[in-house]
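Summary of structural features
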Amino acid sequence: MHCCFCEEYQNPLNNQYYHLLGKKIGIKDRKIKESTNWYAVPTIGCLTAGYMLLVCKQHYQSLANLNIDLYHEMLTLKSHLETIILEKLKRPCIAFEHGSTDSNYSGANSVEHVHLHILPYPETIWDNLHQKYHLTNFELISNYEELYQKWQINPPKSYLFFQDINNNIYYNPNAEEMPSQFFRKCLASYYKSDQWDWQKEYYVDNFLQTLECFQLPITNS
């Protein structure tokens with residue numbers, strides 16, 4: 001099975017990240033923090049400094065596929081990462097996932113290995129997103145525990161969720177028709193970016209600033 005995140009974790013010099021960006025900038029390992037089963041990396045297509053992906057070391061398709069222990073470990077590391085971003089960049093974080101639990105229904109999920117997007121933003125944004133992009137069919141979820149319970153009761157094939165800086169979560173359990181990189185498309189203009197596709201624009205300066213937030217050197221080649 002081909003998976004860019006599995007390949008990156010297992011082989012630092014032969015993977016999508018290294019061939020697209022790492023080799024060019026002299027950084028073979030972009031991990032900024034890790035726990036037993038999770039690691040965080042600045043994303044390719046870094047719309048803003050502090051934009052990270054939280055990735056599981058084992059291959060699961062989405063957060064909805066995880067057992068409760070892995071899920072709680074993810075939340076602990078997420079909180080730690082957000083505390084560092086708040087300290088370094090003076091901004092709280094939003095988060096989102098393009099999720100799917102069935103490989104036949106990938107929806108907005110462009111890479112079928114669980115990865116949570118975490119990125120700083122200075123104020124609540126959902127109401128503006130909702131109005132600007134007519135985001136219907138999203139329900140308000142009060143916290144991540146409630147979201148996990150919903151997945152256990154009614155597993156979705158493909159879904160979207162977005163967490164605002166006030167920790168409100170907005171959840172769409174049916175995202176089969178949503179385009180790839182949906183929330184990146186929605187958010188790009190808020191970061192004064194005209195390119196949302198991570199496969200076309202890498203935003204190297206933001207990538208390097210994210211590494212520096214976690215006191216990593218900008219070269220380790």
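Residues numbered from 1 in each chain as written. Predicted model: local features only at pLDDT ≥ 70, side-chain atom pairs only at ≥ 80, totals over all residues. Heavy atoms only, no water.

**Focus on the environment of Tyr60**
On the secondary structure map, Tyr60 appears in the loop between strand S3 (52-56) and helix H3 (68-89). Tyr60 sits in the partly exposed class, given a relative accessible area of 25%. In this view, Tyr60 contacts Asn65, Leu66, Asn67, Leu70, Glu112, His113 and Val114; residues no more than four positions away in its chain are not counted. (Helix = DSSP H or I, 4+ residues; strand = E, 2+ residues; numbered from the N terminus. Buried < 20%, exposed > 50% of the residue type's maximum accessible area, 1.4 Å probe, protein only. Contact = heavy atoms within 4.5 Å.)

**Observations concerning the side chain of Thr43**
Mapping Thr43 onto the fold places it in the loop between strand S2 (38-42) and S3. For Thr43, a relative accessible area of 5% translates into the label buried.

**Focus on the packing of aromatic side chains**
Overall, the coordinates contain 17 aromatic pairs when judged by the stated rule. In textbook terms, an aromatic cluster arises when at least three aromatic residues are bridged by ring pairs, as seen for Tyr71, Tyr144, Tyr148, Trp151, Tyr159, Phe161 and Tyr171. Geometry around Tyr190 places Lys132 over its ring, the cationic atom sitting 4.9 Å from the centre. (Phe/Tyr/Trp six-rings, centres within 6.5 Å; stacked < 30°, edge-to-face > 60°. Lys NZ or Arg CZ within 6 Å of the ring centre and 35° of its normal.)

**Description of the pairing of strand S8 (residues 169-172)**
By the alternation rule, side chains of S8 split into Ile169 and Tyr171 and Tyr170 and Asn172, which are all buried. With four bridges connecting them, strand S7 (residues 158-163) and S8 associate as antiparallel partners. From the neighbouring strand, Leu160 faces S8, where its bridge partner is Asn172. Hairpin connection from S7 to S8: five residues lie between these consecutive antiparallel strands, with Asn167 at a positive phi of about 75°. (Pairing = 2+ DSSP bridges.)

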